[in-house]
Amino acid sequence: MKNKLTPKNILFGLLVCCLPLLMYGVDRIALFLSGYDIYLGLPSGDYMLRIIVRACLYMLLAIGLNIVCGFTGLLDLGYVGFYLIGGYTAGLLMARLGVTYWVALPLAVLNGALWGLLRGAPTLRLTGDYFAIVTFGFAELLFRIVKNEQWLIGGPNGLVRDIPPPAIFGLTFNQNWHNYYHILILLAFVVFITYRLENSRVGRAWVAIREDEQAAESMGINVSRYKSLAFAVSAAIGGLGGAFIAQFQVNISAPFFEFWESILILCMVVLGGMGSIRGAMIGAAILGSLGEILRPGFIVPYQFGNARYLIFGIILILLMRFRPGGLILKKA
Amino acid sequence: MAQFLEQIINGLVLGGIYALIAVGYTMVYGIIQLINFAHGEIFMFGAYIALMLITVFGVPFWVALPLSMVLCAVLGMLMDLIAYRPLRDAPRLSALITAIGMSLALQNLARMIWSARPRQFPDETLPTIFLSQNAISLPGGATLPYRDVFIILLALVLMVALNRLIYLTKIGKAMRACAQNSVAANLMGIRTNRVIAITFIIGSALGAVAGVMVGLREVVTPTMGYYKGVAAFAAAVLGGIGNITGAMLGGIIIGLAEVFGAGYISSGYRLAIAYIIMIAVIVIRPSGLFGKSTGKRA
Amino acid sequence: MRNWLIGLLIVGFVSVLGCQPQDKNTSETQKAQKELKVAVAAPFTGNAAAFGEMIKRGAELKEKEINEAGGINGMKLTLLFEDDAGKDAEASLVAERIANNLQILAVVGHFNSSCSLAGKPIYQRAGIVELSPGSTNVTVCEGSDWTFRNLYRDDFQGKFIAQYIKKILTDLESVAVFFDNDDYGRGLRNAFVAEAERIGLNLVASEAYDRDNTDFKAQLTSIKAKGPDAIFISGLYSEAGLIVKQARETGITAQFFGADGVDSPDFLTIAGSSAEGTYLTTPFTFGAADAKAQQMAANFENLHGVAPDTWAALTYDAVGMIADALEKTYNSEASVADNRKAIRDHLASLDTPEEGYNGVTGLTYFDLNGDTVNKPAYVKIVKDGQFTAADQQLRELD
């Protein structure tokens, strides 16, 4: 990664840093222009920020999934399982035990990593389709457990409710722009870590495993160890995303962690090009906000909820057929 | 005891349905090593096509059923032609993702066309034998509708027929050859693409029958292929993927396990039982209960 | 280079604007507005879309009636429909979209309890009323001054069904629960089970099912073995229809009960003749309602060509309550925030039967949480393929 202080980069950095201010600024201009007389239909700053925060969260998750799917070349269909574990770990700790977010967050990450290892151990030998199926089954099982075990997730209705916002020195962070900077820091951290990993011994070992497991083994790479590491890091990032969504949404319940969420994240990774961090982020930015961008303008709005996944499906098929490397062309 | 017997019958009927779907998975996997996720959607389309033929076009049931089989066979063949064939030499991951995309697209297409609302075959359009009041009375007040008997018998007959097809006919031989080594089969003058297309056709037609049967017994919804498909896939894995007899036995075992798990252990985990069996089989014995242990199962 | 500088300047300028104190909600006043906008948030796609459809129709009828009668103090009422797909993640986005649209004065919605809960913190922060015509989960209105609902809670409903069985259908001695394994089905089941234990109803079985599953025979067979006199289905109409149908095949002769989730004409089409004799509770039924409700039903059929259901009626009333509040409190000189607050204060002031809003679904007034108090539940029975009000209703609960 070569970083240069070109005007383009400076502008981009400034944009990222001032995005909330920019959004609120646009908001005010829109207000001024419309003067309440005409409804411009422009989304408000808070609404746009929320979309952006969600897109950033998806970026984080896509980067996490990309470690297993892109770097080690294994199809993980149950990534949402770690997201769920992170969400419930943080949510339960905060809402039930009153643990502060700053403690719950690392615990959620650790718990995610732990489950990544637990799931990884029996699947180390598996490749391809069988790995995909086991991961799928794993996430579905977790989903069922969350739905069934009331003693664990408590409440009369299988919800973790009223998760308090993070607070420090009497300041609580529950505004959208708080969440924006919050996810931005987490995202920057994750991007940094994964870039470092990708360009290290570990990253090269992963790619070697992806290209040819047996050859990698014979070159002296400890395949099991590097695979386990990939599972753990990937799952830890999932847990991180879960902890964030818990405080972001305030109430979480099982439907957040449906199987389709896994597929959505997979679509993001595939769209951007598997094995590319930047690709995963761009894929997540596109698919994570597409639904909301199309919401006001779509001709048959009520059908769109269904059309969305139809379009995702077609995107997957077409990409695999014509651009298997994703939109961001990087040798896969 | 009466309860136990009834549960066995429930399990057998469910297992028969799973077996019919599982065959589609296992045949395709046996030949091109691809989990055709969209097979469950073919099954769902089978039910919808028959339903539309009957309710919209007024086609009698006994015409609608084979017609739906034919249309689904075409759909399956097209799916192979458009989505899977171009990827024959691509990495396996690409084909797998395509299959997921196909499943996603078809399921939501159905939701757009027919909405998520469950639909039923109207009673008056069905042959009287399929109505739920026409049933064998069992001790204990339960009834076994002829429809369910038909499902089990049909599953049996089709299984035997399929088995004969594979072991006694020329095309069956070609299929087995492709399953063992498609490159070598190609060199021997077998047109592998045609054999694969025929595999898709047979699997899809059987899936359509199963879809119509489930539609008769339960309801037709856009997600029916997904849920039944996952259980059927578990059955295929359990029977040793690629093994047709195994798929059938696997279907029956999964059906029974699901019913007994729900009836005696915990009903909240009913759908999870298939997953648990599937994971256990893959992790402990990837070749399945009835599969040959070839050592390399990827 | 110059282009970048210009870009930088624009970004900086707009950002500085955003830096100014967030006073948009308080200081800027609305200019005279010919339209008053209210959002209706419900699942118009997804698995609960059938409910959303009726909600939309009910709301449209009220909108049309109000506007034909001259609007609200001469101003037109405009409804904006927003789809939450019945998913909480979508609902929180929709909530943010609505809450920060300074043209919208109040929200009717959401339908699913999980969606109402997802929207609650956002509506609370923005200070806009959320009036749900469908969320029955116990916790929906807790902890927020801005959340209301015009129907009963699950704990009331579960209690009601248990007491109805105990008091009115005295020959039913043992009951079983068959519940949908989600927030709605479980919440209702828990309330029912707790009350059944309290009043000494003999609970013999409690089994779960998952939505989207369509074969229930395994669970039904094991329920049958316990021999209950009555089975309470705590779930939604599509599964309930199949359950009733398959139960008859399994040889179950017990009396079936359902709650408001079963209250949809689709239940009858799916269950067919097996639905006959099923009891269900509902926040409202046209059969036991007054002339005003019959009039509304007739108008509804004129407009939409189908008969209204419970949700259409409740939404009709919810829109009516908001319109009523607007009529009494709306001040075109005041700021949006003040107008939104005035609606809330008006709703909160409806705290006694005398103050309550008298709509087609009965008298609605709120307790401190924003829950509707003392709104009766009705019992319907399926007779000759139709929902009709049961002969005996239960008015008083212990």
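All figures in this text were calculated on a predicted structure; none of them were measured in a lab.

Examining the overall build of chain C
So, point 1. Across its full length, chain C carries 12 helices and 14 strands.
So, point 2. Its C-alpha atoms put chain C at 80 × 55 × 40 Å along the principal axes.
So, point 3. Counting only residues that meet the buried cut, chain C has 61% of its 398 residues in that class.
So, point 4. Partitioning the contacts of chain C with sequence separation of at least 6, the portion at a separation of at least 24 is 69%.

Focus: the interface of chain B and chain C
So, point 1. Chain B puts 31 residues into the contact, and the matching count from chain C is 27 residues.
So, point 2. Broken down by secondary-structure element, the contributors of at least two residues to the side of chain B that touches chain C are α1 (2-32), β2 (143-145), α9 (224-238), α10 (244-265) and α11 (270-284) of chain B.
So, point 3. Taken together, the residues of the side of chain B that touches chain C break down into 12 nonpolar, 13 polar and six charged.

Description of unusual backbone geometry
So, point 1. A cis geometry characterises the amide bond from C:G109 onward to C:H110, with omega recorded as -5°.
So, point 2. Positive phi, normally seen in glycine, also occurs at A:V250, with a value near 70°.
So, point 3. For C:N73, which is not a glycine, the phi torsion comes out positive at approximately 50°.
So, point 4. Mapping C:N73 onto the fold places it in the loop between α2 (49-68) and β2 (76-83).

A short note on α9(B)
All names here are of chain B.
So, point 1. Spanning 15 residues, α9 covers 21 Å between terminal C-alpha atoms, matching the ideal 21 Å at 1.5 Å per step.
So, point 2. Burial analysis of α9 places 13 of its 15 residues in the buried class, which makes it a mostly covered element.
So, point 3. At the exit of α9 stands G240, carrying a positive phi of roughly 90°.

Things to note about α11(B)
Turn by turn, an α-helix covers 3.6 residues, leaving residues three or four places apart pointing in a common direction.
So, point 1. Under the 1.5 Å per step criterion, the end-to-end length of α11(B) is 22 Å for 15 residues, consistent within 8% with the ideal 21 Å.
So, point 2. Counting buried positions along α11(B) gives 11 out of 15 residues, so the element sits mostly inside the fold.
So, point 3. Those residues of α11(B) that fall on the buried side of the exposure criterion are B:R270, B:L271, B:A272, B:I273, B:A274, B:Y275, B:I277, B:M278, B:I279, B:V281 and B:I282.
So, point 4. Elements that come into contact with the buried residues of α11(B) comprise α5 (128-148) of chain A together with α9 and α10 of chain B.

Overview of the environment of C:Q157
All names here are of chain C.
So, point 1. Relative to the assigned elements, Q157 resides in helix α5 (residues 154-167).
So, point 2. Owing to 24 C-beta atoms within 10 Å, Q157 belongs among the buried residues under this scheme.
So, point 3. Placed 32 residues apart in sequence, Q157 and R189 show a C-alpha to C-alpha distance of 9.8 Å.

Section: the pairing of strand β8 (residues 230-234) of chain C
All names here are of chain C.
So, point 1. Across the five residues that make up β8, a large majority, five, are buried.
So, point 2. Burial along β8 is two-sided: the face carrying A230, F232 and S234 and the face carrying I231 and I233 are both buried.
So, point 3. Sheet analysis places strand β6 (residues 174-180) next to β8, joined by five bridges and oriented parallel. Bridged to V177 within β8 is F232.
So, point 4. Bridge count between β8 and strand β9 (residues 255-258): four bridges; the pairing is parallel. Within β9, the residue paired with I233 across the bridge is G258.

Looking at the sheet that holds strand β4 (residues 129-132) of chain C
Residues and elements named next belong to chain C.
So, point 1. Pairing in this open sheet of five strands is parallel, and the strands run β2-β1-β3-β4-β5 from one edge to the other. On the outer flanks of this sheet lie β2 and β5 (147-149), each paired with one strand and no other. Sheet twist, expressed as the average angle between the axes of neighbouring strands with direction ignored, equals 25°.
So, point 2. Examined bridge by bridge, strand β3 (residues 104-109) and β4 share three bridges and lie parallel to one another. For V107, the partnering residue across the bridge sits in β4 and is E130.
So, point 3. Each of β3, β4 and β5 is contacted by helix α12 (residues 336-349), which is oriented at about 45° to β3, the strand it contacts most.

Brief notes about the pairing of strand β14 (residues 386-389) of chain C
So, point 1. With four bridges connecting them, strand β13 (residues 378-383) of chain C and β14(C) associate as antiparallel partners. Counted as the bridge partner of C:K383 is C:Q386 from β14(C).

A short note on the packing of helix α2 (residues 45-71) of chain A against helix α7 (residues 176-198) of chain A
All names here are of chain A.
So, point 1. The geometry of α2 relative to α7 is characterised by a closest axis approach of 9 Å and an angle of 20° between their N-to-C directions. By the angle between their directions, the pair α2 and α7 is classed as roughly parallel. Of the two possible hands of crossing, α2 and α7 adopt the one that is left-handed. Along its contact with α2, which presents D46, L49, R50, I52, V53, C56, L57, M59, L60, I63 and I67, the element α7 presents N176, W177, N179, Y180, I183, L184, L186, L187, V190, V191 and T194.

Looking at the domain arrangement of chain C
For interface size, the figure often reported is the accessible area lost on association.
Residue and element names in this part refer to chain C.
So, point 1. Domain annotation of chain C identifies domain 1 (35-152 + 290-366) and domain 2 (155-282 + 379-389).
So, point 2. The centre of domain 1, based on its C-alpha atoms, is set 30 Å off from the matching centre of domain 2.
So, point 3. At the interface, nine residues of domain 1 touch 12 residues of domain 2.
So, point 4. Here the side of domain 1 that touches domain 2 is composed, by residue class, of three nonpolar, five polar and one charged.

Some words on the confidence of the model for chain C
It should be kept in mind that the predicted coordinates are not to be read in detail where pLDDT is low.
Residue and element names in this part refer to chain C.
So, point 1. Within chain C, residue pLDDT values average 86, and 95% of them lie at 70 or more.
So, point 2. Counting interchain partners and residues more than four positions distant, the pLDDT-below-50 stretch residues 23-32 has 20 contacts.
So, point 3. Two summary scores accompany this predicted model of the complex, namely pTM at 0.88 and ipTM at 0.85.

So, the sheet that holds β13(C)
Residues and elements named next belong to chain C.
So, point 1. Strand order across the open sheet formed by seven strands is β7-β6-β8-β9-β10-β13-β14, with mixed pairing between neighbours. Pairing within the sheet leaves two strands with one partner each, and these edge strands are β7 (202-209) and β14. Across the sheet, the mean angle from the axis of one strand to that of its neighbour is 25°, orientation sign disregarded.
So, point 2. Across the sheet, helix α6 (residues 183-199) is in contact with β6, β7 and β8; its angle to β6 comes to roughly 160°.

Let's talk about the confidence of the model for chain B
All names here are of chain B.
So, point 1. The pLDDT averaged across chain B works out to 86; a share of 97% of its residues lies at or above 70.
So, point 2. No element of chain B has a lower mean pLDDT than strand β1 (residues 135-137), which averages 79, and none a higher one than helix α2 (residues 39-55), which averages 94.
So, point 3. In the model, residues 293-298 has pLDDT below 50 throughout and makes seven contacts with residues more than four positions away in sequence or in other chains.

Overview of the nonpolar core
So, point 1. One finds A:A62, B:A234 and C:I322 to be the most contacted residues of the largest nonpolar core, which totals 348 residues.
So, point 2. Per element, the largest residue contribution to this core is 20 residues, and it comes from α2(A).

Section: the packing of helix α7 (residues 217-226) of chain C against helix α8 (residues 237-250) of chain C
Residue and element names in this part refer to chain C.
So, point 1. The geometry of α7 relative to α8 is characterised by a closest axis approach of 10 Å and an angle of 55° between their N-to-C directions. Classified by the angle between their axes, α7 and α8 sit oblique to one another. Regarding α7 and α8, the two cross each other, and that crossing is right-handed. Contacts between α7 and α8 pair K217, L220, T221 and K224 from the former with Q246, A247 and T250 from the latter.
So, point 2. Of the residues assigned to the contact of α7 with α8, the class counts are two nonpolar, three polar and two charged.

What counts, and where the lines are drawn
- Counting starts from 1 at the beginning of each chain's written sequence and moves along it residue by residue.
- Written order determines the labels here, with chains lettered from A and ligands numbered from 1.
- Side-chain atom pairs in this predicted model are given and counted only at pLDDT of 80 or more, local residue features only at pLDDT of at least 70, and totals for whole chains, interfaces and linings cover all residues.
- Put simply, DSSP marks the helices as runs of H or I at least four residues long and the strands as runs of E at least two long, and each gets a number from the N terminus on.
- The exposure label follows from counting other C-beta atoms within 10 Å of a residue's C-beta, where the C-beta atoms are placed from the backbone and the thresholds are 20 or more for buried and 12 or fewer for exposed, leaving partly exposed in between.
- By the criterion used throughout, residues are in contact when their C-beta atoms, derived from the backbone, lie within 7 Å.
- In this count, Pro and Cys sit with the nonpolar residues alongside Ala, Val, Leu, Ile, Met, Phe, Trp and Tyr, while Asp, Glu, Lys and Arg are called charged and the others, Gly among them, polar.
- How far a helix is expected to stretch is found by multiplying one less than its residue total by 1.5 Å.
- Following DSSP output, two strands are said to pair if at least two bridges run between them.
- Note on geometry: axes are C-alpha line fits, over the in-contact stretch for helices, and angles between N-to-C directions span 0 to 180 degrees.
- When an angle is under 35 degrees it counts as roughly parallel; over 145 it counts as roughly antiparallel; between 65 and 115 it counts as roughly perpendicular; any other value is oblique.
- Rotating anticlockwise by less than a right angle from the far helix to the near helix defines a left-handed crossing, while the corresponding clockwise rotation defines a right-handed one.
- An automatic or database domain assignment provides the domain bounds reported here.
- Confidence scores here are pLDDT values: one per residue, from the predictor, ranging 0 to 100.
- Here, a nonpolar core means buried Ala, Val, Leu, Ile, Met, Phe, Trp, Tyr and Cys residues linked by C-beta atoms lying within 7 Å of one another.

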